[in-house]
Amino acid sequence: MPLPKKKTSKSKRNMRRSHDHVAVPNFIYCECGEASLPHCICPGCGKYRGRQYVKAADA
């Protein structure tokens, strides 16, 4: 298996990784006013796209 002849510098390594950063997640605000991640059930009321999937946390 071929191996690199020279060590990759920190600068080259970091330039290669520069586009791999984790973006800040978007938040969706439910009808109840609670913030949740997209495509996830609301932790406050238990709804997803207007349907009740789990019982509300405070009920």
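These remarks concern the structure in this document. (Residues numbered from 1 in each chain as written. Predicted model: local features only at pLDDT ≥ 70, side-chain atom pairs only at ≥ 80, totals over all residues. Heavy atoms only, no water.)

### Side note on the layout of surface pockets
Its boundaries defined by the atoms lining it, the largest pocket holds a volume of some 200 Å³. In terms of lining, the largest pocket is formed by 14 residues, of which the most central are I28, C30, K47, Y48 and R49. Elements with a minimum of two residues in the lining of the largest pocket: β1 (28–29) and β3 (47–48). When its residues are assigned to classes, the lining of the largest pocket shows 8 nonpolar, 3 polar and 3 charged. (1 Å grid on protein atoms, 1.4 Å probe; cavity = no way out; pocket = protein on both sides within 12 Å on 5 of 7 lines; lining within 4 Å. Points joined across faces, edges and corners; volume = space filled by probe spheres on them. Helix = DSSP H or I, 4+ residues; strand = E, 2+ residues; numbered from the N terminus. Nonpolar A, V, L, I, M, F, W, Y, C, P; charged D, E, K, R; others polar.)

### Side note on the packing of aromatic side chains
Inspection of every chain in the model, using the stated rule, returns 1 aromatic pair. Between Y48 and Y53, the ring centres sit 6.3 Å apart and the planes meet at 55 degrees, which makes this aromatic pair tilted. (Phe/Tyr/Trp six-rings, centres within 6.5 Å; stacked < 30°, edge-to-face > 60°.)

### Observations regarding unusual backbone geometry
A positive phi angle, close to 65 degrees, is found at H39, a residue other than glycine. Here H39 lies in the loop between β2 (35–36) and β3. You will see that R49, though not glycine, has its phi angle at about 55 degrees, which is positive. Examined against the element boundaries, R49 turns out to sit in the loop between β3 and β4 (51–52).

These figures capture arrangement, not role.
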